[in-house]
2 protein chains.
Amino acid sequence: MRKFVIDMMGSDAGSAMALAAVKTYHKLHPEDALILVGKTEEFQEAASFATLVHASDVIEMEAGALEVIRRKESSMVVAMHTLLEQHADAVISAGSTGAFLSAATLILKRIPGVLRPALVTGFPNLGRGNFVTLLDVGASNTNTAEEIAQFAYMGSLYSQGAYGIEKPIVKLLSNGSEEGKGSPVGKEAYPLLKADPKVDFQGNIEASQIFAGSADVVVTDGYTGNIMLKSFEGMAKAMGKLMKQGFTKNFKTKMGYLLAKSGIDTIKDTMNTKKVGGAMLLGVNGLVVKAHGNSDPEAFESAMEVAAKLTDAKMIEKIAAGFAKVEQK
Amino acid sequence: MRKFVIDMMGSDAGSAMALAAVKTYHKLHPEDALILVGKTEEFQEAASFATLVHASDVIEMEAGALEVIRRKESSMVVAMHTLLEQHADAVISAGSTGAFLSAATLILKRIPGVLRPALVTGFPNLGRGNFVTLLDVGASNTNTAEEIAQFAYMGSLYSQGAYGIEKPIVKLLSNGSEEGKGSPVGKEAYPLLKADPKVDFQGNIEASQIFAGSADVVVTDGYTGNIMLKSFEGMAKAMGKLMKQGFTKNFKTKMGYLLAKSGIDTIKDTMNTKKVGGAMLLGVNGLVVKAHGNSDPEAFESAMEVAAKLTDAKMIEKIAAGFAKVEQK
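Everything quoted here is computed from the prediction, not taken from an experiment.

Asker: Can you tell me about the interface of chain B and chain A, naming the residues and giving the values?
Answerer: Counting residues at the interface gives 53 residues for chain B and 53 residues for chain A. The junction of chain B with chain A conceals about 4,600 Å² of combined surface from both sides, 70% of it contributed by carbon and sulfur atoms. Here chain B is connected to chain A by two salt bridges. B:Lys230 is the salt-bridge partner of A:Glu206, the closest N and O atoms lying 2.3 Å from each other.

Asker: Tell me about the relation of the copies chain B and chain A, and please be specific about residues and values.
Answerer: Mapping chain B onto chain A is achieved by rotating through 180° and translating by 0.0 Å along the same axis, at an RMSD of 0.0 Å. Such a combination of turn and shift is consistent with a two-fold rotation axis. Closest to the rotation axis within chain B is the C-alpha of B:Gly256, separated from it by 1.9 Å. A share of 98% of interface residues in chain B that are also interface residues in chain A marks the association as one of identical surfaces.

Asker: Which residues make up the side chain of A:Thr311, and what values do they have?
Answerer: Among the structural elements, A:Thr311 can be located in helix α10 (residues 297-312). Among residues more than four places away in sequence, those in contact with A:Thr311 are A:Arg2, A:Phe4, A:Asp89 and A:Leu287.

Asker: So, the pairing of strand β8 (residues 200-205) of chain A: which residues are in play, and what are the values?
Answerer: All names here are of chain A. When you tally the buried positions in β8, you get five out of six residues, the bulk of the element. Two strands pair when backbone bridges link them, and strand β7 (residues 169-173) and β8 are joined in this way by four bridges, in the parallel orientation. Each residue of the ladder has a partner; that of Ile 169, found in β8, is Asp 200. In this view, the connection linking β7 to its parallel neighbour β8 by way of helix α6 (residues 184-195) has right-handed handedness.

Asker: Go over the domain arrangement of chain A, please, and point to the residues and values.
Answerer: All names here are of chain A. In terms of domains, chain A is made up of domain 1 (1-114 + 283-315) and domain 2 (118-275). On a C-alpha basis, the centroid separation for the pair domain 1 and domain 2 is 25 Å. With 16 residues of domain 1 at the interface, the matching set in domain 2 holds 13 residues. Overall, the association of domain 1 and domain 2 removes approximately 1,200 Å² of surface from exposure, summing both partners, and the carbon and sulfur fraction of that is 63%. Applying the counting rule to domain 1 against domain 2 returns zero salt bridges. The tally of links between domain 1 and domain 2 comes to two residue pairs in polar contact (both at pLDDT 80 or more). It is α10 that provides the largest number of residues to the side of domain 1 that touches domain 2, a total of six residues. Its residues placed into classes, the side of domain 1 that touches domain 2 shows seven nonpolar, six polar and three charged.

How each quantity is defined
Residues numbered from 1 in each chain as written. Chains lettered and ligands numbered in written order. Predicted model: local features only at pLDDT ≥ 70, side-chain atom pairs only at ≥ 80, totals over all residues. Heavy atoms only, no water. Contact = heavy atoms within 4.5 Å. Buried area = accessible area lost by both parts, 1.4 Å probe. Salt bridge = Lys/Arg side-chain N within 4 Å of Asp/Glu carboxyl O. Least-squares fit on C-alpha atoms with pLDDT ≥ 70 in both. Helix = DSSP H or I, 4+ residues; strand = E, 2+ residues; numbered from the N terminus. Buried < 20%, exposed > 50% of the residue type's maximum accessible area, 1.4 Å probe, protein only. Pairing = 2+ DSSP bridges. Right-handed = clockwise from strand over helix to strand, strands pointing away. Domains from an automatic or database assignment. Polar contact = N/O pair within 3.5 Å; in protein donor to acceptor, adjacent residues only side chain to side chain. Nonpolar A, V, L, I, M, F, W, Y, C, P; charged D, E, K, R; others polar.

Encoded structure:
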């Protein structure tokens, strides 16, 4: 039995979206305990299968990271405290990313030995037919070389737990594949990664090669990772738009679309960041899964499935055990 | 009449590719003077319509930026010197980007007042139906705030000259659209951009919004810009691969592809970085256009067309005049 805390508020679509997702999840996993946090009057009907916890405030999407310090009655902050008090396995939220990251870091605290938590996400690895793990994609704005080197180990544990990749190949994001290329901090991280016996580091990778299959884990600083992630998003959206324009060009292309639809839907599913199931903050004492702010019930439910997978993989315990083994200075 | 110097060597495909491109260009623009540099024995047949200049050495694709200093007999270095000596309008090359950038900077020198040249490229702006200018996409590895602020002015002049956008809207690439978000150097550049009366600066933009139409020019440091550019490339390639898989899924989808082909080809044309015509190094005393290393004749010819457009727009003269007006400290 898993135990999840759900922040019902804070997404673009509000609690009705989260409620629909929770209902679906409950149908698929009736044995799991669900604690729903937010304006309980909006999802009273869930009382029949879940525990409801009231929180009167909602942190809005545009809220800054430090907002959480003074918004103690917000669903997001109450959800984090509930995770600790109820010894739950995970918190899932579709609220403001900045606020979510700082709430998790401030309330759940870092796992001992972890220098800096990292936001991690997975993308389809077309070359290998599984997933490539990317981190940090935006928890930090700047990182030290030591932090980037640590991301490699956390990312490797994630790749094992979330995707079942036994010996993940780690690469460092860079503007060139040769050693010696990279940002100043990337160049500093390179020898640290090379010297780390816990990871299978195999050099630099360019952003254009991420989907091609030579790496299972790609590490970078949070600013660069965020730019990469959003560049992927931007191009995927642009190509989607162009595809739509292409298919609606004339009667023939419309017919073509109808015939090819099953193939096209496969593309959409593969690159659908919603379906991939959100991002996770790695390195704090608890599974914290962030669904997209504009999630629909399907996307939010898929973030819950990610939480289930990572719970079963004992992700937090593995990171804690891994970092406990590393000698602390 | 325009006068172009062509580095015939250094692309993945060698001089035969460049020769095919030059022939096409000559047919379309018989009045233009073409000076072809490289192993002349490989393109002797072009002597009937072009001037051939011999260069015995070829800088290979993997060559480092500083290689150019000692490779004086290389086609790339000879091409740069030829531009100066023959008062030509532009150099076009498909050789190593690093070598090309340093050869251009070392031999042609910066335009007075320009702190740092920038590699600039254009992408389709789906929101506005024209092109968005991105810089620096990789001439530098790090930039100062002052350099980034200058890119805005150079980029605006480029946007006017290359795309005919009269009053280009400039935005700063960032990990959030709000003021106060960004990399350390980006945050420093923000007030400089805001204070510059020569550009129409309208705040931050996220990489996911580049194609959506709110900016005509997007500035960033060279490392981040390069990551963004290659992320676009990677996602475009991945989606192309998925599309192919989708269309070849079964008989029905294959039929669909045949019917929709004209629409699909439009997508390919729009996002085809080859067709967009390479990148340009802005800020040196000469038009230097870099075609993709894996250019085919069509792509290389299109880079020559870009050079023609920028020659007609008097791009170099405009940058020189613009920076001459700016008071030098």
